[in-house]
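# Notes for the structure review
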Amino acid sequence: MDAISISNVTKTFKIFTERSSTLKDRIVKGRKNKYQEFCALNNVSLNIEKGQTVGFIGRNGSGKSTLLKLLTGILYPDSGQIRVSGKVSSLLELGAGFHPDFTGRENIFMNAAILGLTKKEIKKKLDQIIMFSELKGYIDNPVRNYSSGMYMRLAFSVAIMVEPEVLLIDEVLAVGDAAFQQKCMDQLRNMKQKGTTIVFVSHDLGAMEKLCDRVVWINKGKIVEDDKPKKVIDKYLEYLAIEEDKRLIEEAGEVNKQIEVKQDSSDSFDTNKENQHDEQRWGNRKVEITDVILEDFNGKKKMSFLSGDELLIRIHYKSWGFVENPVFGIAIHTLEHVHCYGTNTQIDYYKIDELSVNDVGEVYFKIPQLNLCGGTYLLTVAIHDENGLQYDFHDKKYSFKVTSLSNEVGIVKIDHHWDRSEF
Ligand SMILES: Nc1ncnc2c1ncn2[C@@H]1O[C@H](COP(=O)(O)OP(=O)(O)OP(=O)(O)O)[C@@H](O)[C@H]1O
């Protein structure tokens, strides 16, 4: 049996582009507020079985919260039907349903009454609610003095203690500290086991994967995917990586344009270049790095990778003079400048004998598996001689992003497995 049924729901908002500033303007001059219609949800249909835990994911502004608000009845659809069966409890915006001047205790009474509990029932559960929230020392203070985490503790404690049949949660858990977040997740797991239907909006994809039976990806007001968590989350992460790639490539294009303008446009080696030294680039430029391109092994330019992806770094060069045994190198740092890895053709016994005047070409650095944890990394590329005399050193001039599907922490991913034996 379905606990929630959403059929062909559309919700538009009016986005005002110009408002008449005064009442006089409106009445005397007959000016009307100008607006555009914005479709936040476009013909969405979805059924959620009783007892299912379903997660909504999607980029900011995709329509997730609007859908939850429609389920609680805070908003009404323009068209389509929504049916929710059973007692609903919701945790939407932080502080919603609380009166700032009331104490925590008074707000528990008010909030739980709104959620359908009688005064007697509330009194019976009061100690339990306060205990779960861990706010005993603050419960008789006005909630206006609470931190956002404290608001969340109180709201979550009330929302679960009313023992709803349907629980709707919108992202609010993120403001709790790690210990309380864990406690909330344990509680949600308990409720799930007892058969509560849970609908959950979050950007914490790890939590989504662990808790949900099903994940729905919403994009621009439409359902893109609705399937098993891992399947949907993998597709969503791939989409995010592609989008991020487009953005980074655009951004890098802008930066490169600026660098090109700054660089000498002459076509010959200029000895003055020897003295050129900016914060991120130095060297005598006898051999110059003319381009650095990041790609996958199929030749697709990328700046955003999934952990474990292939990465090809192509270093384009131009040699302005004769050089013997040039050494090409790369280094990877975190944004905090922690040196993650560095190597060069000399260390790796890859010999490049000589370059002649006006030689152009490229050197490839191939990484079959980019075993870095999620984060943004800075790439250094350099060409120097065997004794370390720099021809062209691009210090942390390039960046790329890594997204990880797992929650490991740190910088590098170390190949591993767990085992156990009993004595
Ligand atoms: N009351 C409103 N008036 C006008 N526009 C609104 C209103 N509520 C939401 N919107 C717009 O509807 C779109 C969907 O918003 P919604 O809050 O549902 O997104 P979301 O997916 O929950 O995003 P986030 O991940 O940032 O919370 C956004 O473009 C938002 O600006």
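No experiment lies behind these values; they were computed from the predicted model shown.

About the cut-offs
- Residues numbered from 1 in each chain as written.
- Predicted model: local features only at pLDDT ≥ 70, side-chain atom pairs only at ≥ 80, totals over all residues.
- Heavy atoms only, no water.
- pLDDT = per-residue confidence, 0-100.
- Contact = heavy atoms within 4.5 Å.
- Salt bridge = Lys/Arg side-chain N within 4 Å of Asp/Glu carboxyl O.
- Near = heavy atom within 4 Å.
- Polar contact = N/O pair within 3.5 Å; in protein donor to acceptor, adjacent residues only side chain to side chain.
- Helix = DSSP H or I, 4+ residues; strand = E, 2+ residues; numbered from the N terminus.
- Nonpolar A, V, L, I, M, F, W, Y, C, P; charged D, E, K, R; others polar.
- Buried < 20%, exposed > 50% of the residue type's maximum accessible area, 1.4 Å probe, protein only.
- Pairing = 2+ DSSP bridges.
- Core = buried A, V, L, I, M, F, W, Y, C linked by side-chain atoms within 4.5 Å.
- Phe/Tyr/Trp six-rings, centres within 6.5 Å; stacked < 30°, edge-to-face > 60°.
- Expected span 1.5 Å × (residues − 1).
- Arc of directions from axis to C-beta.
- Axes fitted to C-alpha atoms, helices over the stretch in contact; angles between N-to-C directions.
- Domains from an automatic or database assignment.
- Parallel < 35°, antiparallel > 145°, perpendicular 65-115°, else oblique.
- Left-handed = near helix turned anticlockwise from the far one by under 90°.

## Concerning the confidence of the model for the protein
- In the predicted model, the protein carries a mean pLDDT of 87, and 91% of its residues have values of at least 70.
- Within the model, pLDDT remains below 50 along residues 261–266, and this stretch shows three contacts once partners closer than five positions in the same chain are excluded.

## A look at the pattern of salt bridges
- Scanning the model with the defined rule gives 24 salt bridges in all.
- Among the salt bridges present, the one from D309 reaches K302, with a minimum N-O distance of 3.4 Å.

## Quick notes on the site of the ligand
- Among the 13 residues in the neighbourhood of the ligand, the closest are listed as N60, G61, K64, S65 and T66.
- Measuring from an oxygen atom of the ligand, one finds a backbone N or O atom of G61 at 2.7 Å.
- A per-element tally of the shell around the ligand places helix α2 (residues 64–72) first, with three residues.
- Here the shell around the ligand is built from residues that sort into four nonpolar, seven polar and two charged.

## Digging into the side chain of N107
- Summarising the element assignment, N107 is placed in helix α3 (residues 104–114).
- Under the relative-accessibility criterion, N107 is labelled buried at 0%.
- Separated by 3.3 Å, the side chain of N107 and the backbone oxygen of F102 make a polar contact.
- Beyond its immediate sequence surroundings of up to four residues, N107 is in contact with G97, F98, H99, F102, A112 and V143.

## Observations concerning the pairing of strand β9 (residues 222–227)
- Taken together, the five bridges between strand β8 (residues 214–219) and β9 define a ladder with antiparallel strand orientation. Note that in β9 the partner of I218 across the bridge is I223.
- Hairpin connection of β8 to β9: two residues between the antiparallel strands, including K220 at a positive phi of 50 degrees.

## Re the nonpolar core
- In this structure, I57, I108, F156, I169, L173, L188 and F200 are the most contacted members of the largest nonpolar core, which totals 51 residues.
- What F200 contacts, discounting residues up to four positions off in sequence, is V54, G55, F56, I169, L173, M185, M208, L211 and C212.

## Notes on the packing of aromatic side chains
- Evaluated as defined, the whole model comprises ten aromatic pairs.
- Seen in terms of ring centroids, Y377 and F400 are 5.9 Å apart; in terms of plane orientation they differ by 25 degrees. Their pairing is stacked. Here F400 lies in strand β20 (residues 390–403) and Y377 lies in strand β19 (residues 375–384), a separation of 23 residues in the sequence.
- On the basis of relative accessibility, which here comes to 2%, the residue Y377 falls in the buried class.
- Classification of F400 as buried rests on a relative accessible area of 1%.
- One aromatic cluster is present, built from ring pairs that chain together F98, Y146 and Y151.

## Some details on helix α6 (residues 178–193)
- Taking 1.5 Å per residue as the helical rise, α6 with its 16 residues ought to reach 22 Å, and the 23 Å between its terminal C-alpha atoms agrees with that figure.
- Buried within α6 are the following residues: F180, C184, M185, Q187, L188 and M191. Within α6, the buried residues cover an arc of 160 degrees as seen down the axis, which keeps them to one side. Among the exposed residues of α6, those oriented more than 90 degrees off its buried face are A178, A179 and Q193.
- Looking at the packing, one finds that the buried side of α6 touches α4 (119–133), α5 (148–161), β6 (166–170), β7 (197–201) and α7 (205–211).
- Following α6 by one or two positions, G195 adopts a phi angle in the positive range, close to 100 degrees.

## Quick look at the sheet that holds strand β18 (residues 360–367)
- Pairing is antiparallel in the open sheet, where three strands are placed in the order β11-β13-β18. Looking at which strands have only one partner, the edges of the open sheet turn out to be β11 (287–295) and β18. Mean inter-strand twist for the sheet, computed between neighbouring axes without regard to direction, equals 20 degrees.
- Where β11 lies against strand β13 (residues 311–319), eight bridges are found, and the strand directions are antiparallel.

## Comments concerning the domain arrangement of the protein
- With domains assigned, the protein is organised as domain 1 (2–10 + 47–237) and domain 2 (241–263 + 280–403).
- Once you take the C-alpha centre of each, domain 1 and domain 2 turn out to be 46 Å apart.

## Some details on the packing of α4 against α5
- Relative to each other, α4 and α5 sit at 140 degrees, their axes nearing to 8 Å. Between α4 and α5, the interaxial angle falls into the category oblique. Remark: the crossing between α4 and α5 carries right-handed chirality. Contacts between α4 and α5 pair K125, Q128, I129, F132 and S133 from the former with R153, L154, F156, S157, V158, I160 and M161 from the latter.
- Counted by class, the contact of α4 with α5 contains seven nonpolar, three polar and two charged residues.

## A closer look at α2
- Considered for burial, the residues of α2 that qualify are K64, T66, L67, L68, L70 and L71.
- At the C-terminal side of α2, G73 shows a positive phi close to 90 degrees.

## Considerations on unusual backbone geometry
- Its identity is not glycine, yet K220 carries a phi of approximately 50 degrees, on the positive side.
- Note on placement: K220 falls in the loop between β8 and β9.
- Take K220: its relative accessible area is 69%, and that puts it in the exposed class.
- The phi dihedral of N325 is positive, around 45 degrees, even though this residue is not glycine.
- Tracing the backbone shows N325 in the loop between β14 (323–324) and β15 (327–334).

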